[in-house]
Amino acid sequence: MKKVINTTKAPAAIGPYSQAIQVGNLVYTSGQIPINPVTGVFVEGGIKEQTRQSLQNVKAILEEAGLTMSNVVKTTVFMADMNDFADMNAVYAEFFAEPYPARSAVAVKTLPKGALVEIEVVAEVA
């Protein structure tokens, strides 16, 4: 049975999808772009600021599900420019501790609303 996870502490969905869905002991978040949920606009700055906001949005959704970033088992990072990888990775490291989740990082042609980064996760309910 699916359970919808929704919080006002992360941006509302901008289409026909949920912020996250829990199925069994797994929570799947939708990709989070760097929209500040209070203002509804992108954070100012470059890849570091956008990565931080995207991960803060992920964190807020997980908290609504009663989880933390330590519950994350897999992440997927979509980037508009792979040249930003080192800066994205530096901020990413602030949010995770060992044992780190598995991760894929891919460059894509464009992201919603012109974002530099979009991040989705899968987390385990302990």
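The structure under discussion appears in the preceding block.
This write-up is about the structure you can find in this document. Because the structure is predicted, anything quoted here is derived from the model rather than measured.

On to the overall build of the protein chain, then. Looking only at helices and strands, the protein chain has 2 helices and 6 strands in total. Reading the secondary structure of the protein chain in the N-to-C direction produces β-β-β-α-β-α-β-β. Here the C-alpha atoms of the protein chain give a radius of gyration of 14 Å, agreeing with the 14 Å that 2.2 N^0.38 yields for 126 residues. Considered along the principal axes of its C-alpha atoms, the protein chain spans approximately 40 × 30 × 25 Å. Going through the 126 residues of the protein chain one by one, you find that 42% of them count as buried. Put simply, 67% of the contacts in the protein chain that link residues at least 6 apart link residues at least 24 apart. Of the accessible surface of the protein chain, which amounts to about 6800 Å², a share of 53% is contributed by carbon and sulfur atoms. Charged side chains of the protein chain number 10 positive and 12 negative; the gap between the two group centres comes to 6 Å.

This part covers the sheet that holds strand 2 (residues 20–23). Pairing is mixed in the open sheet, where 6 strands are placed in the order 1-2-3-6-4-5. The two strands at the open ends of the sheet, each matched to only one other strand, are strand 1 (2–5) and strand 5 (102–107). Within the sheet, the average angular offset between the axes of one strand and its neighbour, ignoring direction, is 15°. Here strand 4 (residues 72–79) pairs with strand 6 (residues 117–124) via 7 bridges, running antiparallel. Pairing of K74 across the sheet is with V122, part of strand 6. Where helix 1 (residues 47–64) meets the sheet, its contacts fall on strand 1, strand 2, strand 3 (26–29), strand 4 and strand 6, and the angle it forms with strand 6 comes to roughly 30°.

This next bit is on the environment of G31. Of note, G31 is situated in the loop between strand 3 and helix 1. Each C-alpha atom of the pair G31 and V122 lies 11 Å from the other, and the pair is 91 residues apart in sequence. Aside from chain neighbours lying at most four places away, what touches G31 is E118, I119 and E120.

Under the defined criterion, the tally for this structure stands at 1 aromatic pair. Their ring planes at 35° and their centres at 4.6 Å tell us that Y92 and F96 sit as a pair that is tilted. Note on Y92: relative accessible area 6%, which makes it buried. Residue F96 is classed as buried on the basis of its relative accessible area, which comes to 7%. Taking NZ or CZ as reference, R103 lies 4.5 Å from the ring centre of Y92, over its face.

Attention now goes to helix 2 (residues 85–95). Residues M88, V91, Y92 and F95 constitute the buried set of helix 2. The buried residues of helix 2 occupy an angular sector of 105° when the element is viewed end-on, so they sit on one face. Set apart from the buried face of helix 2 by more than 90 degrees, the exposed residues are A86 and E94. Tucked into the core, helix 2 has its buried residues touching helix 1, strand 4 and strand 5.

This part is about the nonpolar core. In this structure, L55, L62, M69, V77 and F96 are the most contacted members of the largest nonpolar core, which totals 25 residues. Of all the secondary structure elements, the ones that give two or more residues to this core are helix 1, strand 4, helix 2 and strand 6. Residue contributions to this core peak at 6 residues, all from helix 1. In contact with L62, not counting residues within four places along its chain, are V27, T29, L67, T68, M69, V72, V121 and A123. Ranked by size, the runner-up nonpolar core spans 5 residues in total, among them I33, I35, F78 and L111.

Rules used in this analysis
- Residues numbered from 1 in each chain as written.
- Predicted model: local features only at pLDDT ≥ 70, side-chain atom pairs only at ≥ 80, totals over all residues.
- Heavy atoms only, no water.
- Helix = DSSP H or I, 4+ residues; strand = E, 2+ residues; numbered from the N terminus.
- Rg over C-alpha atoms; globule rule 2.2 N^0.38 Å.
- Buried < 20%, exposed > 50% of the residue type's maximum accessible area, 1.4 Å probe, protein only.
- Contact = heavy atoms within 4.5 Å.
- Areas by Shrake-Rupley, 256 points an atom, 1.4 Å probe, with all protein chains shown as cover.
- Lys, Arg positive; Asp, Glu negative; His and termini not counted.
- Charge placed at Lys NZ, Arg CZ, Asp CG, Glu CD.
- Pairing = 2+ DSSP bridges.
- Axes fitted to C-alpha atoms, helices over the stretch in contact; angles between N-to-C directions.
- Phe/Tyr/Trp six-rings, centres within 6.5 Å; stacked < 30°, edge-to-face > 60°.
- Lys NZ or Arg CZ within 6 Å of the ring centre and 35° of its normal.
- Arc of directions from axis to C-beta.
- Core = buried A, V, L, I, M, F, W, Y, C linked by side-chain atoms within 4.5 Å.

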